[in-house]
Amino acid sequence: MVTEAGLDVVLMETRQVKGALKAMPIKTDRRDAEGIARLLHLGWFRPVHCKSVSAQEVRAVLGARKAVQQSFIALELSLRGLLRNFGLKVGIISRGRFEQRIRELAAGNPMLEVATEPMLRARASLRQELAGLERRVRYLAHDDPVCRRLMSMPGIGAVVALTYRSAVDDPARFTSSKKVGPWVGLTPPRNQSGERDVSGGITKAGDVTLRRALCQAATVMMHRGRATWLRTWAAQLARRRGGKRAMVALARRISVILHRMWVDDTDFRSDIPIPQAA
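Rules behind the numbers
Residues numbered from 1 in each chain as written. Predicted model: local features only at pLDDT ≥ 70, side-chain atom pairs only at ≥ 80, totals over all residues. Heavy atoms only, no water. Helix = DSSP H or I, 4+ residues; strand = E, 2+ residues; numbered from the N terminus. Rg over C-alpha atoms; globule rule 2.2 N^0.38 Å. Buried < 20%, exposed > 50% of the residue type's maximum accessible area, 1.4 Å probe, protein only. Areas by Shrake-Rupley, 256 points an atom, 1.4 Å probe, with all protein chains shown as cover. Lys, Arg positive; Asp, Glu negative; His and termini not counted. Charge placed at Lys NZ, Arg CZ, Asp CG, Glu CD. Patch = residues over 30% accessible without salt bridge, like charges linked within 9 Å, V, L, I, M, F, W, Y side chains within 5 Å. Salt bridge = Lys/Arg side-chain N within 4 Å of Asp/Glu carboxyl O. Expected span 1.5 Å × (residues − 1). Core = buried A, V, L, I, M, F, W, Y, C linked by side-chain atoms within 4.5 Å. Contact = heavy atoms within 4.5 Å. Phe/Tyr/Trp six-rings, centres within 6.5 Å; stacked < 30°, edge-to-face > 60°. Lys NZ or Arg CZ within 6 Å of the ring centre and 35° of its normal.

Moving on, we get to the overall build of the protein chain. Across its full length, the protein chain carries eleven helices and two strands. Starting at the N terminus and walking to the C terminus, you meet the elements of the protein chain as α-α-α-α-α-α-α-α-β-β-α-α-α. In summary, the protein chain has a C-alpha radius of gyration of 24 Å against a globular reference of 19 Å for 278 residues, an excess of more than 25%. Each principal axis of the C-alpha distribution contributes one length, and for the protein chain these read about 75 × 55 × 50 Å. Taking all 278 residues of the protein chain together, the buried fraction comes to 33%. Just so you have it, the protein chain exposes about 17500 Å², and 54% of that area is on carbon and sulfur atoms. The centroid of the 48 positive side-chain charges in the protein chain is displaced by 9 Å from the centroid of its 25 negative side-chain charges.

This is the structure we're talking about:
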């Protein structure tokens, strides 16, 4: 290992390095190595946190769950589209009765039965594997004291808690909880030059998986669950600025509060005064 040899290892922000190397008119492997060495020598780089092995293992489990879930949904949509070509609509139906409904629609047509049966068997297998991964994810979340603390906030389930914990990994690397929002990409960029001052949408920088999980948690909090000061704040903001902006603002605020809960080792408090929406 490089570290065992007494040498420092630095992970560099790839987008920043790419922007610096784009200034070179001729791109070769030798020039790229020279450019990276110059960035290191001058200190013009942004170091990236190296995630622990445990965090990478959790992300692997979450990635496997997401892949199986997407395959499961894609297979169901394919079955619906296959039958729709023959004027057969599945309609709104529960997951438990989906297989029975497909067989009812395909009954009497030998070719449709031949086409749907392998897909139904594959769906049953994916559903079983997905259920096993779901149980594993819930076990990992409830077995981790940090995840249990994060899940004390309404709208934060096992998947969101594990995603947040594995993405942040070490809360001490943020000197302030407010820096988590820009790191996830949930803050608007600003382009100012002379009389030009443009503030656009969110930057969408950072971990895409974590950003999506936080937005999903914000959506759940806004529409379901018990009323809290955080949900009331988001509702006030939605009436003034719209639902989408309120959802993004709530997701950013959730990321900040979760970090503070983690650092302070405290559960979510729902009895504090309601802040005014900005």
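Together, Val2, Leu7, Val9, Leu11 and Val48 make up an exposed nonpolar region whose accessible area comes to about 400 Å². Here Val9 lies in the segment before helix H1 (14-21).

Turning to helix H11 (residues 243-264), a few remarks are in order. The first and last C-alpha atoms of H11 sit 31 Å apart over 22 residues, in line with the 32 Å expected at 1.5 Å per residue. Positive phi appears at Asp265, one or two residues downstream of H11, with a value of about 60°.

On to unusual backbone geometry. For Asp169, which is not glycine, the phi torsion reads 65° and is therefore positive. Here Asp169 lies in the loop between helix H7 (158-168) and helix H8 (180-184). Here Asp169 falls in the buried class, since its relative accessible area comes to 14%. Not every positive phi belongs to a glycine, and Lys204 is a case in point at roughly 60°. Turning to its location among the elements, Lys204 is positioned in the loop between strand S2 (196-199) and helix H9 (208-223).

Judged by nonpolar contacts, the single largest core of 46 residues is most densely connected at Met153, Leu230 and Ile254. Contributing elements (two or more residues each) for this core: helix H3 (53-84), helix H5 (110-143), helix H6 (145-150), H7, H8, H9, helix H10 (229-241) and H11. Of all the elements, H11 adds the most residues to this core, at eleven residues. Leu230 has contacts with Met153, Met221, Leu250, Arg253, Ile254, Ile257 and Phe268, leaving out every residue within four places of it along the chain. If you look at the next biggest cluster of nonpolar residues, it comprises eleven residues, including Leu75, Val90, Met119 and Leu120.

On to the environment of Leu77, then. As for its placement among the helices and strands, Leu77 is situated in helix H3. Taking C-alpha positions, Leu77 is 36 Å from Leu230, a pair spaced 153 residues apart along the chain.

Turning our attention to the packing of aromatic side chains. Under the definition given, this model contains three aromatic pairs. A ring pair is formed by Phe174 and Trp183, whose centres lie 5.2 Å apart and whose planes are at 70°; its orientation type is edge-to-face. Using a relative accessible area of 24% as the deciding quantity, one classes Trp183 as partly exposed. Between Trp229 and Phe268, the aromatic rings sit 6.0 Å apart at their centres with planes inclined by 15°, giving stacked as the arrangement. Residue Trp229 is located in helix H10, and its partner Phe268 is located in the segment after H11; the two are separated by 39 residues in the primary sequence. The ring centre of Trp233 lies 4.4 Å from the NZ or CZ of Arg253, which sits over that ring.

The next subject is the side chain of Arg123. Along the chain, Arg123 turns up in helix H5. On the accessibility criterion, Arg123 (1% relative accessible area) is buried.

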